[in-house]
Amino acid sequence: MPRLTVHYQKAEESAERCEVVTFNAGESLKNLLSTTQMRIRTGCIGNGACGLCRVRIANPDDYPPSENERIHIDEDDLEQGIRLACGIYPRKDLEVFLFNVIADTEWSILP
C-alpha cells in the first residue's frame, strides 16, 4: 500500500509535524487529507476552480501541472512543486507539505 508523508504546521503550534498514512490509489490528495485531521482550505467541490488547496509536493516532475494549476499558480511556484491537492491523484508514495491547514474539527468525509 502506498504511503503519504505529510509535513504541516498548525497555526497554534510552533513546531512542524510529520505524519505518514497509507492510502488506496485513485483518490485525490484533497479527499485523502479530508479523511484525516490534516485538512486544508478549499472553496470549491474539488475541481480546481478556487485554487485554494495549494500544497507543495516533493517530486513535481511526477505530477505535471494541469490547466487549472497554470491559471491559479505562477510558473515559479509550479517549478517549486506547488500544486492543487484536488488535482493530484497519487498512485505511489508521495511526500507533501501543507500550507493552509484548517483547525481541528470532528467533521470528516467518511471513507
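So, here's what we can say about the structure.

Calculation criteria
Residues numbered from 1 in each chain as written. Predicted model: local features only at pLDDT ≥ 70, side-chain atom pairs only at ≥ 80, totals over all residues. Heavy atoms only, no water. Helix = DSSP H or I, 4+ residues; strand = E, 2+ residues; numbered from the N terminus. Polar contact = N/O pair within 3.5 Å; in protein donor to acceptor, adjacent residues only side chain to side chain. Salt bridge = Lys/Arg side-chain N within 4 Å of Asp/Glu carboxyl O. Buried < 20%, exposed > 50% of the residue type's maximum accessible area, 1.4 Å probe, protein only. Core = buried A, V, L, I, M, F, W, Y, C linked by side-chain atoms within 4.5 Å. Contact = heavy atoms within 4.5 Å. Lys, Arg positive; Asp, Glu negative; His and termini not counted. Phe/Tyr/Trp six-rings, centres within 6.5 Å; stacked < 30°, edge-to-face > 60°. Lys NZ or Arg CZ within 6 Å of the ring centre and 35° of its normal.

**Brief notes about the environment of aspartate 74**
Assignment of secondary structure puts aspartate 74 in the loop between helix H2 (67-72) and helix H3 (75-79). Sequence separation of aspartate 74 and phenylalanine 99 is 25 residues, and the distance between their C-alpha atoms is 16 Å. Within the structure, aspartate 74 has its side chain in polar contact with the backbone nitrogen of aspartate 76 (distance 3.2 Å). Within the structure, the side chain of aspartate 74 is placed 2.9 Å from the backbone nitrogen of aspartate 77, a separation counted as a polar contact.

**As for the pattern of salt bridges**
If you walk through the whole model with that rule in mind, you get two salt bridges. With a shortest N-O distance of 3.4 Å, lysine 92 and aspartate 62 are connected by a salt bridge. In this pair, lysine 92 is assigned in the loop between strand S4 (82-84) and strand S5 (94-98) and aspartate 62 in the loop between strand S3 (54-57) and H2, connecting sequence segments 30 residues apart. The partly exposed category is assigned to lysine 92, whose relative accessible area is 46%. For arginine 70, the salt bridge identified is with glutamate 75, shortest N-O distance 3.3 Å.

**Focus: the nonpolar core**
The biggest cluster of nonpolar side chains holds 24 residues, and the ones touching the most others in it are Leu4, Val6, Leu29, Leu33, Val55, Val96 and Leu98. Secondary-structure elements contributing two or more residues to this core are strand S1 (3-8), helix H1 (29-34), S3, S4 and S5. When residues no more than four places from it in sequence are discounted, the contact partners of valine 96 are Leu4, Thr5, Val6, His7, Leu29, Val55, Arg56 and Ile57.

**Brief notes about the side chain of glutamate 69**
Relative to the helices and strands, glutamate 69 resides in helix H2. For the buried glutamate 69, no salt bridge is present, and the opposite-charge side chain at shortest range is arginine 83, 4.2 Å distant. A polar contact of 2.8 Å, which involves the side chain of glutamate 69, links it to the backbone nitrogen of leucine 84. With residues up to four places along the chain from it excluded, the contact list for glutamate 69 reads Pro64, Leu78, Arg83 and Leu84.

**What to know about the packing of aromatic side chains**
Ring pairs (aromatic) are described by centroid distance and by the angle formed between their planes. Considering all chains together, one arrives at zero aromatic pairs under this definition. Directly above the aromatic system of phenylalanine 97 lies the positively charged group of arginine 56, at a separation of 4.0 Å from the ring centroid.

Distances and angles like these do not, on their own, reveal function.
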